[in-house]
Amino acid sequence: MATIASIDAHTAEEFRAATESAAVFPSNGGRLRLTGEDARDLLNRLSTNLVDPDAESGEVAVTVLTSDRGRIVDLVYVIHCGDHQLMITSAGQQQAVIEFLDKYTIMEELEVEDVTRDTVMLTVTGPEAREAVRRVLDGGNLGQDPRPGAILDAQLDGTVHQVIVGEPIEGERSFAAWLVIPPTDPDDAQRPPTYHLVYPNAERIDASSYSTQERGIAHLELAGAVGISAETAEALRIVRGQPAYGSEMSETYNPLEAGLIGAIDFHKGCYIGQEVIARLDTYHKVQKYMVTLRFEAGESDVAEVAAGLQGARLNDEAGSAMGLVTSATVVPTADGADVIGLGYVRTAAVEVGGRLTVASDDGDSGIVAVITAQPLLFGGEKPGLGN
């Protein structure tokens, strides 16, 4: 364990709120609006998971766009909003996704519009996130029976709902939004509830008024959530083993390596990169996997340790290269702070509890990386029909 010298009390409090109660933060994911009668059918033919062309409005599908070599173009959420599809992309990947769709759109009727700047997306997460969201739904719809927050009772993962969001007090202005309940791993009871509120109109009436984002965060803070910084949100991502584009996702990696097997349907028809991914899975040819890591660095300053880890090589006892650190951060603990991260480790060396050393220009850095988990964000391989 390292010292806590580089973690201030405010950051520690934000992290505790996110892990023990509820937190809210603006999402930097891209938002694309897809229209055209062929939108869902085309997405189903281009990506790894089933995007049912005949699905009713209200479905949220998570799927991966891959190159013809089976590498990750992006992990996306396809949200069926009735007369259009809302696609959530990784931060900054909107144009890459647009170009990918354009490349494979031949005769299909599809129009894609980047609406990232015209919308607001807030993420609410934590053990008490459901109750915070319930309060803003009920606060924006006073007097309705049943109360709008009742839609959360079933906790229908992989669904989207049109809602009105308001403060949990009477008389405050309310906002229309889409409540997105993302697909999750049904066997992961440890992962806390997470919701996304997508406001279709990002507006500021005048220079002195609150923006939609500011008001949306204020609503949720009044409902019990704590607003957290981008740095704390990043630490939360790493703790939960969620790959990010540019770190754990890129055209360097395939979805199986990144723990995204739960976003692959091996029983649907062909898609771009399908043959490569199927062969890797069938013949057990995946060379490396994403893992979560905890770093042991003695009494070194945690911020200095974390700052130097991204891109560092991981070696085994013999000094052979076994992997790479892709993300690292500092999180508070009861009696100090830990440096944690994500990385890729060769398949033969992936073992929870396994220990690797962080290489340096001078040889051994003295920092040990302990493998703590091999995360599967959406669970393992889905069984086929009849299994």
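Note that this is a predicted model, so its numbers are computed, not measured.

This part takes up the overall build of the protein chain. Per the secondary structure count, the protein chain includes eight helices and 17 strands. Overall, the C-alpha framework of the protein chain stretches about 65 × 55 × 40 Å when taken along its three principal axes. For the protein chain, with 387 residues in total, the buried portion stands at 52%. Counting contacts in the protein chain only where the partners sit at least 6 residues apart, residues at least 24 apart contribute 68% of the total. Surface accessibility of the protein chain: about 18,000 Å² in total, with carbon and sulfur atoms responsible for 47%. For the protein chain, the distance from the average position of its 28 positive side-chain charges to the average position of its 59 negative side-chain charges is 3 Å.

A few words on the nonpolar core. Ile72, Leu75, Ile79, Leu86, Leu260 and Phe378 are the most contacted members of the largest nonpolar core, which totals 25 residues. Mapped onto this core, the elements with two or more residues apiece are β3 (60-66), β4 (72-80), β5 (85-89) and β9 (175-181). The leading source of residues in this core is β4, at four residues. Contacts of Phe378, omitting those with residues within four sequence positions, involve Val62, Leu75, Tyr77, Pro183, Thr184, Asp185, Leu260, Gly262 and Ala263. Listed in part, the 24 residues of the second largest apolar core include Tyr195, Ile217, Leu220 and Ala223.

This part is about the pattern of salt bridges. Side chains that differ in sign of charge can pair as their charged atoms come close. As enumerated under the stated definition, the model contains twelve salt bridges in all. Across the salt bridge formed by Asp153 and Arg134, the nearest N and O atoms sit 2.9 Å from each other. Of the two residues, Asp153 sits in the loop between α4 (129-139) and β8 (159-165) while Arg134 sits in helix α4, which places them 19 residues apart along the sequence. Given a relative accessible area of 52%, Asp153 falls into the exposed group. Ionic pairing is found between Arg279 and Glu275, a salt bridge with its closest N-O pair at 3.7 Å. Highlighted residues: Arg279 and Glu275, both in helix α7 (residues 274-282), separated by four residues, approximately one helical turn. Here the residues in one salt-bridge network are Asp41, Arg45 and Glu108, joined through shared partners.

Here we come to helix α6 (residues 230-239). Within the sequence span of α6, burial applies to Thr232, Ala233, Ala235, Leu236, Arg237 and Ile238. For α6, the secondary structure elements touched by its buried residues are α1 (9-20), β1 (23-26), β7 (120-125), β12 (288-296), β14 (321-333) and β15 (336-346).

Across four bridges, the pairing between β1 and β7 is antiparallel. If you follow Phe25 over to β7, its bridge partner there is Thr123. Pairing between β1 and strand β11 (residues 226-227): two bridges, direction parallel. Pairing of Val24 across the sheet is with Gly227, part of β11.

Looking at the secondary structure, you find Ser27 in the loop between β1 and β2 (30-35). Polar contacts involving the side chain of Ser27 include one to the main-chain amide nitrogen of Gly29, which spans 3.1 Å.

Below, the discussion takes up the environment of Asp301. Looking at where Asp301 falls in the secondary structure, it is placed in the loop between β12 and α8 (302-307). Judged by its relative accessible area of 21%, Asp301 is partly exposed. Residues Asp301 and Gly36, 265 residues apart in the sequence, show an inter-C-alpha distance of 54 Å.

What follows concerns the sheet that holds β3. One open sheet holds the five strands; their spatial order is β3-β4-β5-β2-β6, and the pairing between them is antiparallel. Edge positions in the sheet fall to β3 and β6 (111-114), since each has one partner strand and no second. Each strand axis lies, on average, 30° off the axis of its neighbour in the sheet, ignoring direction. Judged from the four bridges that link them, β4 and β5 form a sheet pairing that is antiparallel. Bridge assignment links Tyr77 to a residue of β5, and that residue is Ile88.

Cut-offs and rules
- Residues numbered from 1 in each chain as written.
- Predicted model: local features only at pLDDT ≥ 70, side-chain atom pairs only at ≥ 80, totals over all residues.
- Heavy atoms only, no water.
- Helix = DSSP H or I, 4+ residues; strand = E, 2+ residues; numbered from the N terminus.
- Buried < 20%, exposed > 50% of the residue type's maximum accessible area, 1.4 Å probe, protein only.
- Contact = heavy atoms within 4.5 Å.
- Areas by Shrake-Rupley, 256 points an atom, 1.4 Å probe, with all protein chains shown as cover.
- Lys, Arg positive; Asp, Glu negative; His and termini not counted.
- Charge placed at Lys NZ, Arg CZ, Asp CG, Glu CD.
- Core = buried A, V, L, I, M, F, W, Y, C linked by side-chain atoms within 4.5 Å.
- Salt bridge = Lys/Arg side-chain N within 4 Å of Asp/Glu carboxyl O.
- Pairing = 2+ DSSP bridges.
- Polar contact = N/O pair within 3.5 Å; in protein donor to acceptor, adjacent residues only side chain to side chain.
- Axes fitted to C-alpha atoms, helices over the stretch in contact; angles between N-to-C directions.

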